[in-house]
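# Observations on the three-dimensional arrangement
The residues making up each chain are set out below.
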Amino acid sequence: MKNPYLTLGTLKSTLRAFELRPSREMGQNFLFDGAVLAQIVAAAELQPDQTVIEVGPGFGVLTWELVQQARDVIAVELDKRLVEHLQGAFATTPNLKIIQNDILRVPPAELLQNTATEHYKVVANLPYAITSPALRHFLEADHKPDLIVVLVQWEVAERITAQVGDLSMLAHAIQMYAEPAIVAKVGRESFYPAPVVDSAILRLRIRPQPAVDVDNIEQLMRVIKAGFLHARKTLSNALPSGLAAMGQRVTRDQVLAALHSAGVDPQRRAETVTLPEWAMIYRTLSGDGVTG
């Protein structure tokens, strides 16, 4: 069956019918490219017995595809106007649950109440404004998904998938819990209204365990954040000032000792340091009572 929502004409007529204008504040750029939609669905590797959480379903273009392939789809939409449209358009779709809420305020476990399985995937055209917090919302939750496939800004996808030399706080926050990969680049002409940047289909395969084994991931991330607060400085200078800015007292000698213990050259910069190296730095600083 052909997706009835997958034309620009249908999208525009629906906007007119509901007297809606896409909200820039909510990051509403609606996908209408069938080839891109097919790539998203293929990347999600959906099976008939699986549950999907969709964030920001909009007018239901992706939603329609998801309900054809998954047992349960939970669509979370903030815009009350779009919820009204979805409830009418999918009134006879028994495997779709539409929730009007801010995804960042709802724990995944709460969304999954009364579903047939605890396992789930996240598939979405994420509003640009909440990309990073939405990804972390799922990755840092007690109840993590098995897989995430999302449309995000191209530059954000590049930052998330960065390797040594171009690493960032965002890259570490995501790579701690998942193995990211860019599936495809998506031109701005695939959306209405067209955004000012290109996008990417990003797939995150969730790790069974975090990338490094430490006693407190939150404290580790604080140390990493301290290293990036003054990214142009070498680690020997960036870490003492960064930790001090975050209210943690540490001497330059303590930092140098931690770097030496981790085998990390003090003249390196934060973007060159891997998660295992940050973990070793953190363990030494933690042993000295600097963190915690």
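Now for a look at the structure at hand. Bear in mind that the values here come from a model prediction, so they are computed numbers and not experimental data.

### Topic: the overall build of the chain
- Secondary structure assignment for the chain yields 12 helices and nine strands.
- Each of the three principal axes of the chain carries a C-alpha extent, and together these read 65 × 40 × 30 Å.
- Across the 292 residues in the chain, those meeting the buried criterion constitute 51%.
- Looking at the chain alone, contacts between residues at least 24 apart form 67% of all its contacts between residues at least 6 apart.
- Total accessible area computed for the chain in this model is approximately 13,800 Å², and 48% of it derives from carbon and sulfur atoms.
- Averaging the coordinates of the 28 positive side-chain charges in the chain and doing the same for the 31 negative ones gives two points 5 Å apart.

### Observations regarding the sheet that holds strand S3 (residues 72-77)
- Strands sit in the order S4-S3-S2-S5-S6-S9-S7 across an open sheet of seven strands; the sheet is mixed. Only two strands of the sheet have a single partner each, and these edge strands are strand S4 (96-100) and strand S7 (178-186). On average, each strand axis in the sheet is inclined to that of its neighbour by 20°, with strand direction left out of account.
- In terms of strand pairing, strand S5 (residues 121-125) meets strand S6 (residues 147-153) through five bridges, oriented parallel. Of the residues in S6, the one forming a bridge with Val 123 is Val 149.
- Sitting on the sheet, helix H2 (residues 34-44) touches S5, S6, S7 and strand S9 (199-206), and the angle it makes with S6 is about 150°.
- Packed on one face of the sheet, helix H6 (residues 131-139) meets strand S2 (51-55), S5, S6, S7 and S9 and runs near 170° to S6.

### Things to note about the pairing of S3
- In terms of burial, S3 is largely enclosed, as six of its six residues are buried.
- Residues of S3 alternate between two faces, with Asp 72, Ile 74 and Val 76 on one and Val 73, Ala 75 and Glu 77 on the opposite face, all of them buried.
- Taken together, the five bridges between S2 and S3 define a ladder with parallel strand orientation. When the sheet's bridge partners are listed, Val 55 is paired in S3 with Val 76.
- In this fold, the crossover linking S2 to S3 by way of helix H3 (residues 61-69) has right-handed handedness.
- As defined by bridge partners, S3 adjoins S4 across five bridges and the pair is classed as parallel. In the sheet register, Val 76 faces S4, and the bridge partner there is Ile 99.

### Remarks on the packing of aromatic side chains
- In total, this model carries two aromatic pairs according to the counting rule given.
- Between the aromatic rings of Tyr 120 and Phe 138, the centroid separation amounts to 6.3 Å while the plane-to-plane angle is 55°, which identifies the pairing as tilted. Taken together, the residues span a long stretch of sequence, with Tyr 120 in the loop between helix H5 (108-111) and S5 and Phe 138 in helix H6 at a distance of 18 residues.
- Assessed through its relative accessible area of 2%, Phe 138 is described here as buried.

### Concerning unusual backbone geometry
- In the segment running from Tyr 192 into Pro 193, the intervening peptide bond is cis, with an omega of -10°.
- Within the secondary structure, Pro 193 is located in the loop between strand S8 (191-192) and S9.
- With phi around 50°, Glu 45 is a residue other than glycine that occupies positive phi space.
- With respect to the element layout, Glu 45 can be found in the loop between H2 and S2.
- Its identity as a non-glycine residue notwithstanding, Asn 114 has a phi of 75°, on the positive side.

### Looking at the packing of helix H9 (residues 217-229) against helix H12 (residues 275-287)
- The contact between H9 and H12 brings their axes to 9 Å, and the two run at 105°. Judged on the interaxial angle alone, H12 and H9 are roughly perpendicular. Residues Gln 219, Leu 220, Val 223, Ile 224, Gly 227 and Phe 228 of H9 touch H12, and the partners they reach there are Leu 275, Trp 278, Ala 279, Tyr 282 and Leu 285.
- Taken together, the residues of the contact of H9 with H12 break down into nine nonpolar, two polar and no charged.

Calculation criteria
- Residues numbered from 1 in each chain as written.
- Predicted model: local features only at pLDDT ≥ 70, side-chain atom pairs only at ≥ 80, totals over all residues.
- Heavy atoms only, no water.
- Helix = DSSP H or I, 4+ residues; strand = E, 2+ residues; numbered from the N terminus.
- Buried < 20%, exposed > 50% of the residue type's maximum accessible area, 1.4 Å probe, protein only.
- Contact = heavy atoms within 4.5 Å.
- Areas by Shrake-Rupley, 256 points an atom, 1.4 Å probe, with all protein chains shown as cover.
- Lys, Arg positive; Asp, Glu negative; His and termini not counted.
- Charge placed at Lys NZ, Arg CZ, Asp CG, Glu CD.
- Pairing = 2+ DSSP bridges.
- Axes fitted to C-alpha atoms, helices over the stretch in contact; angles between N-to-C directions.
- Right-handed = clockwise from strand over helix to strand, strands pointing away.
- Phe/Tyr/Trp six-rings, centres within 6.5 Å; stacked < 30°, edge-to-face > 60°.
- Parallel < 35°, antiparallel > 145°, perpendicular 65-115°, else oblique.
- Nonpolar A, V, L, I, M, F, W, Y, C, P; charged D, E, K, R; others polar.

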